[in-house]
Every structure is written in C-alpha cells, then in structure tokens.
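Residues per chain, in single letters:
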Amino acid sequence: MMINKGIIAVNKPKDWTSFDVVNKIKHLLKIKRVGHLGTLDPMATGVLLVTVGKATKLFDYFQNKNKTYLAKFEFGYETDTLDITGKITKKTDTLPSIGDIKKLINKFIGEIEQVPPKYSAKNINGKRAYQLARNNEEFELKPKLVKIDDIKIVDYSNNILTVIISCGSGTYIRSICRDLAEKLNSYATMIELVRTDVGRINLKNCVNIQELDESNIRNYIIKLDKMLD
C-alpha cells in the first residue's frame, strides 16, 4: 500500500523557493495536495516541512512549533531587502565590538515588538509587501509581537556575527539583524540563514531535494503519528 499522507522533511537548497520544492514533490508523487509548513526565503537553506495529502491540515499545529536558525549578520551596510540579495542602501564606518554586542543582544530575548521587512510576504490591502516595495510604492508595516527564546553568539570576526536563534513562529531574522545594528548605531545585513530545527525535526532528519526521485520519494514520507506530540 502506497503512503500518500504525511510529511517529507526537506533540506531546502539555496536559491530554491519553498514553492519550487513543493512543485517538485507534486511532480514526483503525481498528486495535487502538497504544501509546506512555513516559508523559507530563496537565499535561506534548511528544514522545510512539506505536507502530503491530509497533512496539509497541520499548518496551524506546526505554526506554533519553535524554530531554530543559524544566521550570519555582516556589519557596515544595509540593503533594501535586509539580506545579501538586495541593493546596498546605507553604509557606515561605525562597527561594534563584541563587548558592545554582548551588552545589547540579550535585550532581544523574550516577547518583543518587531517590524517585518518591507521585502516580505506580509499582506497589505490584498497585495504582498514585497510587490509594493518592488514597485516603489509607499506603505507602512505595523510592528507585531514575536517571541525570541534564546540568542547565542557563535562567532564574531571580520565584522560578521554568527548567532543561533530559537524563536516562535512569525519571527523575521532579518529584522533582528536590522534592529540589533540600529541599537549599536551601525548597519548590518543578513548574509546567511539556515533553519536547523522545526519542533522535533532537525537537519539530521532531512533529505536533500536532489536525492528524491519517483522510485524512492515515498520512503521519505513520515507518518503523521510520528510527527505529533
């Protein structure tokens, strides 16, 4: 009996959209009911949970699961998208010390208000924010409450800060990058992002999308009873 209901944990490659991954899995399984549980930007890599069949109904359940990211922020400039894919809009010679960063970074732990990036999928009167931004239309995004459970500094060298961030759903890591730099009287841009965990699923549980084909894809469908608490 073929498994047509469950979740495939994919390690999304760089420059693939989340929908690219979904479309490939649709093609391999030859079924229409395929989705995902939380978008990753094209520049980001890591855990993307792809739903198959009735598993698409678990969206709200997994939205409440904490996520962990490995991120790199480069100080000295800011782009319009707040990541390495955008155009540089601001530069500065003011670069923080590791001591300065350590003094401020804990202020981002807990429930904080965060303004999403203008280049994001936020809905503004029926249009995506990134569409308005690309058209140079003026609009304002309201701050929203997000929860940051922990931020650990891994390294700071050559003006690049590497951190591990554990957070709740709806958190924009790019916004943390922007806001931390602002408090340090500097600018910064996110140059790398890896989602390492979603709930109990981590990168070790994921398959590379390039490894999937019609002959093996069903072997990677995780049954729902193994995904639920």
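Computed from a predicted model, the values in this text were never measured in an experiment. (Residues numbered from 1 in each chain as written. Predicted model: local features only at pLDDT ≥ 70, side-chain atom pairs only at ≥ 80, totals over all residues. Heavy atoms only, no water.)

**Q** So what about a positive patch on the surface? Which residues, and what values?
**A** Taken together, K5, R33, K54 and K57 make up a surface patch of like positive charges. Along the polypeptide, K57 turns up in the loop between β3 (45-52) and α2 (59-63). (Patch = residues over 30% accessible without salt bridge, like charges linked within 9 Å, V, L, I, M, F, W, Y side chains within 5 Å. Areas by Shrake-Rupley, 256 points an atom, 1.4 Å probe, with all protein chains shown as cover. Salt bridge = Lys/Arg side-chain N within 4 Å of Asp/Glu carboxyl O. Lys, Arg positive; Asp, Glu negative; His and termini not counted. Charge placed at Lys NZ, Arg CZ, Asp CG, Glu CD. Helix = DSSP H or I, 4+ residues; strand = E, 2+ residues; numbered from the N terminus.)

**Q** Kindly report on the pattern of salt bridges, identifying the contributing residues and their values.
**A** Taken as a whole and judged by the stated rule, the model has 6 salt bridges. Close ionic contact of R174 with D41 constitutes a salt bridge, the shortest N to O distance being 3.4 Å. Of this pair, R174 sits in helix α5 (residues 173-183) while D41 sits in the loop between β2 (34-36) and β3, placing them 133 residues apart in sequence. Classification of R174 by relative accessible area gives buried; the value is 5%. Between E78 and K90 there is a salt bridge; the shortest N-O distance is 3.5 Å. With E78 in strand β5 (residues 77-79) and K90 in strand β6 (residues 88-91), this residue pair connects regions lying 12 residues apart in the sequence. (Buried < 20%, exposed > 50% of the residue type's maximum accessible area, 1.4 Å probe, protein only.)

**Q** Got a sec to walk through the nonpolar core? Specific residues and values, please.
**A** Note on soluble globular proteins: their nonpolar side chains tend to be buried together. Formed by 29 residues in total, the largest nonpolar core has its most connected members in F73, F75, L161, I165 and I173. Elements that contribute at least two residues to this core include exactly β4 (67-75), α3 (98-105), β10 (144-157), β11 (160-167), α5 and β12 (188-198). If one sorts the elements of this core by residue count, α5 sits on top with 5 residues. Ranked by size, the runner-up nonpolar core spans 16 residues in total, among them I8, V34, V207 and I217. (Core = buried A, V, L, I, M, F, W, Y, C linked by side-chain atoms within 4.5 Å.)

**Q** I'd like to hear about the pairing of strand β1 (residues 6-12), residue by residue, with values.
**A** Counting buried residues in β1 gives 6 out of 7 residues, a clear majority hidden from the surface. Sheet topology places β1 next to strand β14 (residues 207-208); 2 bridges connect them, and they run parallel. Bridge pairing in β14 links V10 to V207. (Pairing = 2+ DSSP bridges.)

**Q** How would you sum up the side chain of K12? Please name residues and give values.
**A** By the secondary structure assignment, K12 is in strand β1. Although K12 is buried, it makes no salt bridge; D15 carries the closest opposite charge, 7.2 Å away. Excluding its chain neighbours within four sequence positions, the residues that come into contact with K12 are T17, S18, V21, L40, D41, P42, A44, T45, G46 and L48. (Contact = heavy atoms within 4.5 Å.)

**Q** Could you give an account of the packing of aromatic side chains, naming the residues involved and the relevant values?
**A** Applying the stated criterion to the full structure yields 1 aromatic pair. Ring centres 6.1 Å apart and planes at 85 degrees place the aromatic pair F75 and Y156 in the edge-to-face group. Pair noted here: F75 is in strand β4 and Y156 is in strand β10, with a separation of 81 residues, a long-range link. Across this residue pair, the class does not change: F75 and Y156 are buried. (Phe/Tyr/Trp six-rings, centres within 6.5 Å; stacked < 30°, edge-to-face > 60°.)

**Q** So what's going on with the environment of A44? Residues and values would help.
**A** Structurally, the position occupied by A44 is in the loop between β2 and β3. In this structure A44 comes out as buried when scored by relative accessible area, which is 1%. Sequence separation of A44 and D15 is 29 residues, and the distance between their C-alpha atoms is 7.6 Å. In this structure A44 touches K12, P13, K14 and L193, once residues within four positions along its chain are discounted.

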